Every structure is written in structure tokens, then in C-alpha cells.
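Overview (structure and organization)
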Amino acid sequence: MTKITMAILTALSVGLIATVSTSPAFAESSFPFQGSFEGHDIDGDDYSGTFTDFGLFTVFDGIVTTNGTYEFVEDSSHEEGGYYTTTYTMVDDNGNSLSFYDVEISFLEYGQGKYGMSQTEWTITGGEEKFSGATGEGKSRVWFNLEDMTYKGMASGTVIMPS
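Presented here is an overview of the structure given in this document. Note on numbering: residues in each chain are counted from 1, in written sequence order. Local features in this predicted model are restricted to residues whose pLDDT is 70 or higher, and side-chain atom pairs enter the listing and the counts only when it is 80 or higher, whereas totals over whole chains, interfaces and linings include all residues. Calculation of side-chain values draws on the structure's entire complement of heavy atoms; hydrogens and water are dropped beforehand.

Below, the discussion takes up unusual backbone geometry. Peptide bonds are trans in most cases, and residues, glycine excluded, mostly fall at negative phi. You will see that Glu 129, though not glycine, has its phi angle at about 55°, which is positive. Exposure remark for Glu 129: the relative accessible area of 56% places this residue in the exposed category. Positive phi, close to 55°, is recorded for Met 149, a residue that is not glycine. Exposure is judged per residue with a 1.4 Å probe applied to protein chains only, and the accessible area is read against the type maximum: over 50% gives exposed, under 20% gives buried, and values in between give partly exposed.

Structure representation (C-alpha cells):
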């Protein structure tokens, strides 16, 4: 081989190695998570309900049920003397599930204490079946009837899936 041929092969090899080493090892895909939910408090700290997906892309397959628990965290710096954290899981008819951790960032009572409105920030903590390895985050707004603890809300955010 001539010195020119060796130089070209060396340059091509270095370029190929540089291209491979700068490519990400794992690509991610993301899609919007948008929907409405409603349900009721069962035992004072457990709730259940349904979720209706109305995103641009269908996130779940079929009817989605939600189950979770919440607890009050005392915090004197918060406007209500504390805030609620919630852990819950959404599961569809095919066993696809997403688990969430939700933190209330504001709460407002109105209608002489009969109703409440909460704004929250959520994070995906896990998933099963087609959501295995999922991450993501978003926000929700929830309206409560404080007399019977029924609720309705809307959520939006992003689900990120490893490829």
C-alpha cells in the first residue's frame, strides 16, 4: 500500500470511530400525556377513578382505572400549613401501567368550604408492559367537592420512553 492509501484508510477509520463514539448509546422518544380524570375518595386517604386520554397520540389502550393514596405533609412555609403528596397508578385493560408521584403546589377553598381546587406537579416513577422504563413529568389541576370528596381534573405533560 502506498502512503497516500494508508493515510486515507487511517482517516476513514478515525472518522468512523469518532462517529460511533459520539452517537448516543440510547435514544429516547417522547409523547404528550394529556387527559381528564375523575373519581372519589374511598377511606379518607385512598382514592380511585378513571382517566380519559385525549392527547394527540393514544397513551393507553382502552379504559384506564386509577388507584392511589395521599397524605398530608406539614410545612409551615406552605400557604395551608402543609401540602398533599399522592402516589397512584393508572392501568388500562391490557395491563399497561404508569405510576406517579404527585406534589400539590397550591390549594384554594371556595364556596364556604364546600369546594377546593388544587394544582399539582407529577413525576412518573415507573411503568409496566409497554411503559417499562418510562419517565416523564407534568402538571394537573383538580377540582374537589369537599362534602363527598369526589374530584375531577385535567393533566398534561410528557412521557419519555427509552428506545
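The next point concerns the pairing of strand S1 (residues 28–41). For two strands to be treated as a pair, DSSP must find no fewer than two bridges joining them. Every helix listed is a DSSP run of H or I at least four residues long, and every strand listed is a run of E at least two residues long, numbered separately from the N terminus. When S1 meets strand S8 (residues 150–162), the two strands line up antiparallel, connected through 13 bridges. Paired with Gly 39 across the two strands is Tyr 151, which belongs to S8. Sheet topology note: the S1/strand S2 (residues 46–53) ladder contains 7 bridges and is antiparallel. Counted as the bridge partner of Ser 36 is Thr 52 from S2. Following S1, the chain reverses through 4 residues before pairing antiparallel with S2; Gly 44 in that reversal takes a positive phi of roughly 95°.

This paragraph deals with the packing of aromatic side chains. Aromatic contacts are taken between Phe, Tyr and Trp rings whose centres are within 6.5 Å, Trp giving its six-membered ring; a plane angle under 30 degrees counts as stacked, one over 60 as edge-to-face, and the others as tilted. Tallied over the full model, the rule gives 15 aromatic pairs. Here the aromatic rings of Tyr 47 and Tyr 151 are separated by 5.5 Å at their centres, their planes lie at 85°, and the arrangement is edge-to-face. Placement of Tyr 47 in strand S2 and of Tyr 151 in strand S8 is noted, with a sequence separation of 104 residues between them. For the pair Tyr 47 and Tyr 151, a shared accessibility class is recorded, and that class is buried. Linked through ring pairs, Phe 33, Phe 37, Tyr 47, Phe 51, Phe 60, Tyr 88, Phe 100, Phe 107, Trp 122, Phe 131, Phe 144 and Tyr 151 together constitute an aromatic cluster.

A separate point is the environment of Gln 34. Structurally, Gln 34 can be placed in strand S1. Separated by 105 residues in the primary sequence, Gln 34 and Lys 139 have C-alpha atoms spaced 9.7 Å apart.

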